[in-house]
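# A closer look at the structure
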Amino acid sequence: MQRQHAPYRADVVGSFLRPDAIKLARQKFASGEIDAGQLRAVENDAIRHVVEQQCACGLHVVTDGEFRRAWWHFDFFDGLEGVERYDSNQGIQFNGVQTKAHGVRVTGKLGFGNHPMLEDFRYLKSISGNAEPKMTIPSPSVLHFRGGRKDIDATVYPDLDVYFDDLATTWRDAIQAFYAAGCRYLQLDDTVWAYLCSDDQRRQIRERGDDADQLALTYARVLNKALEGKPDDLTIGLHVCRGNFRSTWISEGGYEPVAEVLFGTVNVDAFFLEYDNDRSGDFAPLRFVRPGKQQVVLGLITTKNGELENPQGVKARLEEAAQFVAKDQICLSPQCGFASTEEGNTLSETQQWDKVRLVTQIADEVW
């Protein structure tokens, strides 16, 4: 049956291809031709339009497309207390391509204050009509994992246990602040759990002196502490992402190495899982999802290219997944956003909306 609340049988991960108007406005803002207010007005118009497009595709949930961000994560980190961005020696290495070179370091006590994205959410809520406005922010583990110990000032946090406590508290304060701003559907985007599934990434983690299995337990603890006291009418999803930059990826490997800890112990309401290709492994790890407790939103429609999936093939995969987790606990979405960074993936806007319509069409037919 269809669901009247989040997550929806047809859902989305968050980001959409940036329209030309935003790209041009950002260039003009960077060169000083327009001011921040003028840039925001262009963004507002584009966000209003992308909300209308999502509704026109049959979605009951809408995001702002992450149109005000250059990155899915750095822009959020920029607004936290105790965090600063820096230019690193090299970008993040994807399969055959590198991002722009940025990093973030913790230079003071972590905290969540008057974050600019609270106002971004309020605007989305004001124009979402009857649809549910969803906010997307990075997961706390992402802030730690990218740089690890070397990017945390040892004079501020000589003891990492204190750092992890503050990390959890910062996200708990963020969750409460978005709730106070009217948010009832929040998604945490997390690339780290996928790294912990990858043999190559686990090797790199060992080489830098960390233990992947221990990190999984630590991140589960941080997430659960952040979720303590979560209001009952707030739905929180966790999107496990294998990397998404110009249609490339970072991690490969099924969810088995983390499934018991992630699905069995992390107290989110929904897991958004990428299952768009062989790199994602099989559905067997879903056996650890707690019965009746959580929804699993299967990302069976790829955002990496514009080729439209065969609806019958997608339905067959939903049936396959239902061997491991109850069909009533399953929803459908694209595997990731269409533009985790402002560069976007290699497909057209028309293809993007065809993909979203395919999600709603299949969900209507299945449920």
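Quick summary incoming for the structure in this document. Since the structure is predicted, the reported quantities are computational estimates derived from the model, not experimental observations.

Here we take up the nonpolar core. Counting residues in hydrophobic clusters, the biggest one holds 114 residues, and the most contacted among them are Trp193 and Leu286. Sequence-distant contacts of leucine 286, that is, excluding residues within four places in its chain, are made with Phe263, Leu273, Tyr275, Val296, Leu298, Ala321, Phe324 and Val325.

On to the sheet that holds strand β7 (residues 135-138). Judged by pairing direction, the sheet is parallel, and its six strands sit side by side in the order β7-β8-β9-β10-β11-β12 without closing on themselves. Edge positions in the sheet fall to β7 and β12 (330-334), since each has one partner strand and no second. Strand-to-strand, the axes of this sheet are offset by a mean angle of 25 degrees, without reference to chain direction. One ladder, built from four bridges, connects β7 with strand β8 (residues 185-190); its direction is parallel. Along β8, the bridge assignment pairs proline 138 with aspartate 189.

Along β8, six of the six residues are buried, which leaves the element largely enclosed by surrounding structure. Going residue by residue along β8, you find Tyr185, Gln187 and Asp189 tucked away on one face and Leu186, Leu188 and Asp190 tucked away on the opposite face as well. Pairing of β8 with strand β9 (residues 235-240), which is carried by six bridges, proceeds in the parallel orientation. When the sheet's bridge partners are listed, aspartate 189 is paired in β9 with histidine 239.

Our focus in this paragraph is the packing of aromatic side chains. Counted under the stated rule, the structure contains 16 aromatic pairs. On the basis of an interplanar angle of 70 degrees and a centroid distance of 4.8 Å, the ring pair of tryptophan 71 and phenylalanine 74 is categorised as edge-to-face. Accessibility assignment for this pair places tryptophan 71 and phenylalanine 74 in one class, buried. Centre to centre, the rings of phenylalanine 145 and tyrosine 195 are 5.1 Å apart; their planes meet at 75 degrees, and the pair counts as edge-to-face. You can see phenylalanine 145 sitting in helix α5 (residues 140-147) and its partner tyrosine 195 sitting in helix α7 (residues 192-195), a full 50 residues away along the chain. A connected cluster of aromatic rings, assembled from ring pairs, spans Phe76, Phe77, Phe112, Trp171 and Phe178. Positioned above the aromatic ring of tyrosine 179, the side-chain terminus of arginine 184 is 3.6 Å from the ring centre. Positioned above the aromatic ring of phenylalanine 145, the side-chain terminus of arginine 208 is 4.6 Å from the ring centre.

How each quantity is defined
Residues numbered from 1 in each chain as written. Predicted model: local features only at pLDDT ≥ 70, side-chain atom pairs only at ≥ 80, totals over all residues. Heavy atoms only, no water. Core = buried A, V, L, I, M, F, W, Y, C linked by side-chain atoms within 4.5 Å. Buried < 20%, exposed > 50% of the residue type's maximum accessible area, 1.4 Å probe, protein only. Contact = heavy atoms within 4.5 Å. Pairing = 2+ DSSP bridges. Helix = DSSP H or I, 4+ residues; strand = E, 2+ residues; numbered from the N terminus. Axes fitted to C-alpha atoms, helices over the stretch in contact; angles between N-to-C directions. Phe/Tyr/Trp six-rings, centres within 6.5 Å; stacked < 30°, edge-to-face > 60°. Lys NZ or Arg CZ within 6 Å of the ring centre and 35° of its normal.

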